[in-house]
Amino acid sequence: MNSQPEKYWSPYLAGFVLGLVLLATFVIMGRGLGASGAMMRSVVYAVDQVTPAHIDNNPYFAKYGGGDKNPLDNWLVYEVLGVIVGGLLSGLLAKRLKFKTDKGPRISVKGRLALALTGGAIMGFGARLALGCTSGQALTGGATLALGSWAFMMVMFASGYAIAYFVRKQWI
Amino acid sequence: MSAPFYKFDLFGYETGLVIAFLIGVAFGFTLERAGFSSSRKLALQFYLRDMTVLKVMFTAIIVAMTGLLYLNLADVLDMSKIYLNPTVLYPQMLGGAIMGVGFVIGGYCPGTSLVASAIGKIDGFFYVGGALLGMLIYGEVFPFFQDLTTSGAMGNATLSDWLNLRPGVVAFLVILMALGLFYVAEMLEKRFGEKA
Amino acid sequence: MQLTQIFDRRLAVGLLLVLGALLALSPAGLRQAEQLSAQDISHMVTGKSDHVTAEEVSAWIIDKQPDLLIVDLRSSEEYQQYHLPGAVNIPLTRLFEPESLDQLSDLYTIVLYSNGGTHAAQAWVLLQQMGIKSYVMLGGLNYWVDAILNPQPPGDLAADSEILQYQFRKGASGFFNGGGVSVEQENQPAQSDAPRPKLPPRRKKKGEEGC
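A quick note: this is a predicted structure, and the numbers were derived from the prediction, not measured.

Peer 1: Just to check I follow, could you spell out the pattern of salt bridges for this structure?
Peer 2: Pairing is possible between side chains of opposite charge, provided their charged atoms come close. Residue and element names in this part refer to chain B. The tally for this structure, following the rule as stated, stands at 11 salt bridges over all chains. Measuring nitrogen to oxygen at the nearest pair gives 2.9 Å for the salt bridge that ties K55 to E189. You can see K55 sitting in helix α3 (residues 52-73) and its partner E189 sitting in helix α8 (residues 167-192), a full 134 residues away along the chain. You can call K55 buried: its relative accessible area is 4%.

Peer 1: Sorry if this is basic, but what is going on with the interface of chain B and chain A here?
Peer 2: By a widely used convention, the size of an interface equals the accessible area lost when the partners come together. Every contact between the two is made by 125 residues of chain B and, on the other side, 120 residues of chain A. Joining chain B to chain A, the criterion identifies 39 residue pairs in polar contact (both at pLDDT 80 or more). The greatest single-element share of the side of chain B that touches chain A, amounting to 18 residues, is contributed by helix α6 (residues 122-141) of chain B. Residues that form the side of chain B that touches chain A fall into these classes: 82 nonpolar, 31 polar and 12 charged.

Peer 1: Honestly, the sheet that holds strand β5 (residues 134-137) of chain C in this entry has me stumped. Any pointers?
Peer 2: In sheet architecture, strand pairing relies on hydrogen bonds along the backbone and comes in two forms, parallel and antiparallel. All names here are of chain C. Within the open sheet, the five strands sit side by side as β1-β5-β4-β2-β3. Their pairing is parallel. Each end of this open sheet is capped by a strand with a single partner; those strands are β1 (51-52) and β3 (88-89). Relative to β3, strand β2 (residues 68-72) is paired through two bridges, and the arrangement is parallel. Opposite V71, over in β3, you have V88 as the bridge partner. The strands that helix α6 (residues 118-129) touches are β4 (109-113) and β5; relative to β5, the one it contacts most, it runs at about 175 degrees.

Conventions we followed
- Residues numbered from 1 in each chain as written.
- Chains lettered and ligands numbered in written order.
- Predicted model: local features only at pLDDT ≥ 70, side-chain atom pairs only at ≥ 80, totals over all residues.
- Heavy atoms only, no water.
- Salt bridge = Lys/Arg side-chain N within 4 Å of Asp/Glu carboxyl O.
- Helix = DSSP H or I, 4+ residues; strand = E, 2+ residues; numbered from the N terminus.
- Buried < 20%, exposed > 50% of the residue type's maximum accessible area, 1.4 Å probe, protein only.
- Contact = heavy atoms within 4.5 Å.
- Polar contact = N/O pair within 3.5 Å; in protein donor to acceptor, adjacent residues only side chain to side chain.
- Nonpolar A, V, L, I, M, F, W, Y, C, P; charged D, E, K, R; others polar.
- Pairing = 2+ DSSP bridges.
- Axes fitted to C-alpha atoms, helices over the stretch in contact; angles between N-to-C directions.

As structure tokens, then:
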């Protein structure tokens, strides 16, 4: 029995399959894929459990969970649950299930985790401002030729390349 | 024309949620298979050593785009019923700039961090926690810059509106650009890649 | 192995180029749902899937149907004088301005009315051509005022159904004139008398974000 993790798919094959999944979503639902919208909804849900009045008073939160609205009653939330299960399934079949931290050789685990938290926070903030993340904007908007999504994509990659030099120790 | 099925009332809201889950499974599975559950693999994109992100993304975009246009051409799918991300130029560009920074520092984007967490990546957990925190902060400070979030609103603008070209022509240009990028990506990986 | 890989890649690139070039020459992406033929329209008219009665609209308003969007097609002066509760004003002349069309999401049950029935019917046809489904309120505002706001009692020899209808109208009239008359009980028989057209399944309004 081989316990080595399987290889990843070729990027072009993975892209092709991903494109078909996206196309199927368009054909069946008339909408695209997403991720950060569902994360936003779980934040609103959590805050709503603690202080519902706060949700109703904040114009941004109210949009998702104001009044009797259940922020989790949404297409994207179910889609993202599927994403987690799908990822788990693939990891299981490819023997990649393992608690570990990905990082470059020149940074400590603690340092990497601190940066992951920081980067996540920056990304979370930016994703809400940009009305979506890589899945919702770049992928979905890219395929439908949405103008703003293409502008978003270009700026995101440009900004990533511009800043990459300064955090190179984390990765290489 | 009978697609998109949901918009033509071929099934209801609850069925849609079941489909959402199934589509999510396929989406998550593919992301993991592409190697997007590894932050380092994703981040090496920005050091020109591993161009998987670019290849996967643009392949997916051109496959879905070409599929949509051909289905429309065959009178199967009504493009006007497909959700089009509205263009709100300034927040999208500013948000994109912020996310580029977050991507290089955090190593994931929201979707891939969930997949990474699903297979036990600890930096994935921290990233998801950070992202939730960032969204909470966004909601809290939103009232202070509400005007910015709608500046540059252009409605349902597309590249073909902007370039004043038919969607098919734009699609062809996108395909040409993607093929060019794939070629460059292969060259870069040969030059900077970690292993041949 | 190496050879087949190269071959496959070239094939894929070639295929993409051909598919892309064909797209460039085609009107892909511009094709909309087919226009309704005159036959389709007459079918919808005879099939009564195009209109609702004033009684039905009043019952929907009283029930606070969440997906109801009532559109007043008259001029804004007329709208300001009187309009149905919750109605939005989109004068027929401004129906095709983008901000008007933005309001007419297909997530709503759209009910159109004008003074009589003509303008509403015209708007209905125009919206159908654009793929927007709507209903015309029969008789327009004129009938609404006569039947709902000022219902006349039926004569002594009226059939049961007419009396039930009157009772319903009377109750609705109380509601709309602010009389505070409960219509709940009187509502019931009217429903069995004139079944409501089937509402499209209620849908959740989609969030603005695609992600």
